Amino acid sequence: TLSTPLGSRAFRGLLAIVGNGKFFGGGFAVNPESDTTDGQFEVISFTGKRRDLPLAVFRARQGKHLQMKQVDAFSTDVVTVQCAQPTPVEADGEYLGTTPVEVRVLPDAIRVPTP
């Protein structure tokens, strides 16, 4: 279940991705519509079968997976991910623990000086 302040979406699927950048895993355009300055995460869920996953991965290379009926996407500033059983959670390749997990945008949390 993906829960936001606007409601919840339950789905049966293989994965959910919460991200704020366009690219993931060395060049996959997983969040092609993402804007790191808009204060929103892009949340993507994949409801296909395992046999559908290779095509989704291939299409994600070019950011065309969002057109697949097995892929759902939406934007939010906070989302809670819950699974029927504890499921591993990663952030930038690092293991953080298991679900449930809440992911929240923290506006202006990092300041980067620029010339």
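Residues numbered from 1 in each chain as written. Predicted model: local features only at pLDDT ≥ 70, side-chain atom pairs only at ≥ 80, totals over all residues. Heavy atoms only, no water.

What follows deals with the side chain of Q70. Turning to its location among the elements, Q70 is positioned in the loop between helix 1 (53–61) and strand 5 (71–76). Q70 sits in the buried class, given a relative accessible area of 16%. Excluding residues that lie within four positions of it along the chain, Q70 makes contacts with S45, F46, T47, G48 and D52. (Helix = DSSP H or I, 4+ residues; strand = E, 2+ residues; numbered from the N terminus. Buried < 20%, exposed > 50% of the residue type's maximum accessible area, 1.4 Å probe, protein only. Contact = heavy atoms within 4.5 Å.)

With that settled, consider unusual backbone geometry. The step from T99 to P100 runs through a cis peptide bond, and the omega angle for that step is 5 degrees. Positionally, P100 belongs in the loop between strand 8 (94–98) and strand 9 (101–104). Phi at D92 takes a positive value of approximately 55 degrees, unusual for a residue other than glycine. Since its relative accessible area comes to 81%, D92 is described here as exposed.

Ordered by their spatial adjacency, 3 strands build an open sheet running 3-4-5, and the pairing between neighbours is antiparallel. Only two strands of the sheet have a single partner each, and these edge strands are strand 3 (15–19) and strand 5. For this sheet, the mean inter-axis angle between neighbouring strands, taken without regard to orientation, is 15 degrees. Of the strand pairs in this sheet, strand 3 and strand 4 (residues 41–46) are connected by 5 bridges, and their pairing is antiparallel. Within strand 4, the position partnered with A16 by the bridge is S45. (Pairing = 2+ DSSP bridges. Axes fitted to C-alpha atoms, helices over the stretch in contact; angles between N-to-C directions.)

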